Amino acid sequence: MSGTHTGVPSVLAHDLPRPVPADELAACPVGEVFRRLGDKWSMLLVVMLGGRPHRYNELHRAIEGISQRMLTRTLRGLENDGLVRRDVHPTVPPSVEYSLTSLGRTLLEPLSALADWAVDHEAEMHEARSRHTST
């Protein structure tokens, strides 16, 4: 960051065009990451795989409420984005293990910062929601 933007959060370091063009918004890499991780299961899978590799059935048993179809779709999406690696071991029957790639591991620090922020401000957000729903 340049010396003129010292202490300014990176999301505020550049002025957005007004209005924001729809094609620019659709192509925004930050939006892509939030769309990937903002679904119901992706962030949970990244966090679980951040601890250690897991087999498919192990993940399915560990996440209450996720269907096999949704687990498969979510893992494929994370794999397609280069965040998760799928390793098939030549056993009988074949054993499949999922782990984070080196790119996926780089996501753990910003996810941790976001999680810490959410925990630190949970009460404030709950209070604000209560004020708005009671009016």
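Preceding this paragraph is the structure being described.
Note that this is a predicted model, so its numbers are computed, not measured.

With respect to the overall build of the protein
No. 1: A tally of regular secondary structure across the protein gives seven helices and three strands.
No. 2: Ordering the α and β elements of the protein from the N terminus gives α-α-α-β-α-α-β-β-α-α.
No. 3: Compactness check: the protein gives a C-alpha radius of gyration of 19 Å against a globular reference of 14 Å for 135 residues, more than 25% above the reference.
No. 4: Across its three principal axes, the protein shows a C-alpha extent of roughly 60 × 40 × 30 Å.
No. 5: Within the protein, buried positions represent 23% of all 135 residues.
No. 6: Within the protein, contacts between residues at least 6 apart in sequence are counted, and of these 40% link residues at least 24 apart.
No. 7: For the protein, the accessible area works out to roughly 10,100 Å², and carbon and sulfur atoms hold 58% of it.
No. 8: Across the protein, the centroid of the 15 positively charged side chains sits 9 Å from that of the 17 negatively charged ones.

Remarks on the side chain of His54
No. 1: In this structure, His54 sits in strand β1 (residues 54–55).
No. 2: Polar side-chain contacts of His54 include one of 2.9 Å to the backbone oxygen of Arg52.
No. 3: With sequence-adjacent residues up to four places away left out, His54 is seen in contact with Met48, Leu49, Leu59, Val96, Glu97 and Tyr98.

Some points on the pattern of salt bridges
No. 1: Under the counting rule described, the total for this entry stands at five salt bridges.
No. 2: Residue Asp87 pairs with Arg85 through a salt bridge whose shortest N-O separation is 3.7 Å.
No. 3: Glu127 is the salt-bridge partner of Arg131, the closest N and O atoms lying 3.0 Å from each other. Separated by four residues within a single helix, Arg131 and Glu127 lie in helix α7 (residues 108–133), roughly one turn from each other.

Comments concerning the sheet that holds strand β3 (residues 95–100)
No. 1: With antiparallel pairing, three strands are arranged side by side in an open sheet as β1-β3-β2. Two strands lie at the open edges of the sheet, namely β1 and β2 (84–89), each paired on one side alone.
No. 2: Here β2 pairs with β3 via six bridges, running antiparallel. Counted as the bridge partner of Val84 is Leu100 from β3.

Here's the deal with the pairing of β3
No. 1: Looking at chain direction, β1 and β3 are connected through two bridges and run antiparallel. Bridged to Arg55 within β3 is Glu97.
No. 2: A loop of five residues connects β2 with β3, the two strands running antiparallel in sequence.

Quick word on a nonpolar patch on the surface
No. 1: Together, Val30, Phe34, Leu114, Trp117 and Met125 line one region of the surface with nonpolar side chains, adding up to about 500 Å² of accessible area.
No. 2: Those elements giving two or more residues to the nonpolar patch turn out to be α2 (29–37) and α7.
No. 3: Tracing the sequence through the fold places Val30 in helix α2.

With respect to the nonpolar core
No. 1: Counting residues in hydrophobic clusters, the biggest one holds 20 residues, and the most contacted among them are Leu45, Val46, Leu49, Leu59, Leu71, Leu75 and Tyr98.
No. 2: Of all the secondary-structure elements, those providing two or more residues to this core are α3 (42–51), α4 (56–62), α5 (68–80) and β3.

What counts as what
Residues numbered from 1 in each chain as written. Predicted model: local features only at pLDDT ≥ 70, side-chain atom pairs only at ≥ 80, totals over all residues. Heavy atoms only, no water. Helix = DSSP H or I, 4+ residues; strand = E, 2+ residues; numbered from the N terminus. Rg over C-alpha atoms; globule rule 2.2 N^0.38 Å. Buried < 20%, exposed > 50% of the residue type's maximum accessible area, 1.4 Å probe, protein only. Contact = heavy atoms within 4.5 Å. Areas by Shrake-Rupley, 256 points an atom, 1.4 Å probe, with all protein chains shown as cover. Lys, Arg positive; Asp, Glu negative; His and termini not counted. Charge placed at Lys NZ, Arg CZ, Asp CG, Glu CD. Polar contact = N/O pair within 3.5 Å; in protein donor to acceptor, adjacent residues only side chain to side chain. Salt bridge = Lys/Arg side-chain N within 4 Å of Asp/Glu carboxyl O. Pairing = 2+ DSSP bridges. Patch = residues over 30% accessible without salt bridge, like charges linked within 9 Å, V, L, I, M, F, W, Y side chains within 5 Å. Core = buried A, V, L, I, M, F, W, Y, C linked by side-chain atoms within 4.5 Å.

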